[in-house]
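Tertiary structure, described
Listed here are the chains, written in short residue letters.
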Amino acid sequence: MTRTGLIKIATLGSVLLLGGAFFFELLGYPPCKMCFWQRYAHATAIYIGALALVQPRFQRILATLGAMTAAVGSGLGFYHSGVEQKWWEGPTSCSGGGSLEGVDLLSTELAIPVIMCDEIVWSFMGLSMATYNGLISLILVGIWIAAARK
């Protein structure tokens, strides 16, 4: 397969993962803070892929950047998965260790629900969305690397 073809596949992978995240949100699974971090990685990879497709002479370097971006997304997915499994602590702003100091619990102004990062809201075959993101992003890293090596 050509470098351009591999870049298209890797970019499409991020498009599908990001689209899947939005689809699950429409189904009533709101994202937590760490979910957004993972989305940023895919949005960046999509941008890099689009740029590589319109600037073929920079494809090798852009594919390398795409691999690094997908690796960050994969790492975030696995980190989030570990937080969900309680293997390590997550950010206090979205995990069970958060503090309510200075929060007016009786206020009704702009009540925004806090989505906890350390709770699994959906899983399939024992794996959460964060775990699937980590695994699929790892596959995308391999595709990006193959594109860079072509």
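Let us look at the structure shown here. (Residues numbered from 1 in each chain as written. Predicted model: local features only at pLDDT ≥ 70, side-chain atom pairs only at ≥ 80, totals over all residues. Heavy atoms only, no water.)

Turning our eyes to something else, we now look at helix α1 (residues 3-26). Its 24 residues place the ends of α1 35 Å apart at the C-alpha level, agreeing with the 34 Å of an ideal helix rising 1.5 Å per residue. Here α1 has its buried residues at Arg3, Gly5, Leu6, Ile7, Ala10, Thr11, Gly13, Ser14, Leu17, Leu18 and Phe24. Close packing links the buried residues of α1 with α2 (33-54), α3 (59-84) and α4 (129-149). (Helix = DSSP H or I, 4+ residues; strand = E, 2+ residues; numbered from the N terminus. Expected span 1.5 Å × (residues − 1). Buried < 20%, exposed > 50% of the residue type's maximum accessible area, 1.4 Å probe, protein only. Contact = heavy atoms within 4.5 Å.)

A complete count under the given rule lists six aromatic pairs for this structure. Seen in terms of ring centroids, Phe23 and Phe24 are 6.2 Å apart; in terms of plane orientation they differ by 80°. Their pairing is edge-to-face. With a relative accessible area of 19%, Phe24 lands in the buried category. Taken together, a centroid distance of 6.4 Å and an interplanar angle of 50° make the contact between Trp122 and Tyr132 tilted. Taken together, the residues Trp122 in the loop between α3 and β1 (123-124) and Tyr132 in helix α4 connect sequence positions 10 residues apart. A relative accessible area of 25% means that Trp122 is categorised as partly exposed. (Phe/Tyr/Trp six-rings, centres within 6.5 Å; stacked < 30°, edge-to-face > 60°.)

Closest axis-to-axis distance for the α2/α3 pair is 9 Å, and the angle between their directions is 165°. Overall, the two elements α2 and α3 adopt an arrangement that is roughly antiparallel. Remark: the crossing between α2 and α3 carries left-handed chirality. Two secondary-structure elements touch here, α2 through Met34, Cys35, Trp37, Gln38, Ala41, Thr44, Ala45, Ile48, Leu51, Ala52 and Leu53 and α3 through Gln59, Leu62, Leu65, Gly66, Thr69, Gly73, Leu76, Gly77, Tyr79, His80 and Val83. The class makeup of the residues in the contact of α2 with α3 is 14 nonpolar, eight polar and no charged. (Axes fitted to C-alpha atoms, helices over the stretch in contact; angles between N-to-C directions. Parallel < 35°, antiparallel > 145°, perpendicular 65-115°, else oblique. Left-handed = near helix turned anticlockwise from the far one by under 90°. Nonpolar A, V, L, I, M, F, W, Y, C, P; charged D, E, K, R; others polar.)

All told, the structure shown has one salt bridge when counted by the stated rule. Across the pair Glu25 and Arg39 runs a salt bridge whose closest N-O atoms are separated by 3.0 Å. One end of the pair, Glu25, is in helix α1; the other, Arg39, is in helix α2, and 14 residues separate them in sequence. Among the residues examined, Glu25 registers a relative accessible area of 33% and is labelled partly exposed. (Salt bridge = Lys/Arg side-chain N within 4 Å of Asp/Glu carboxyl O.)

Positionally, Leu127 belongs in strand β2 (residues 127-128). Setting aside residues no more than four positions away along its own chain, Leu127 makes contact with Trp122, Tyr132 and Leu135.

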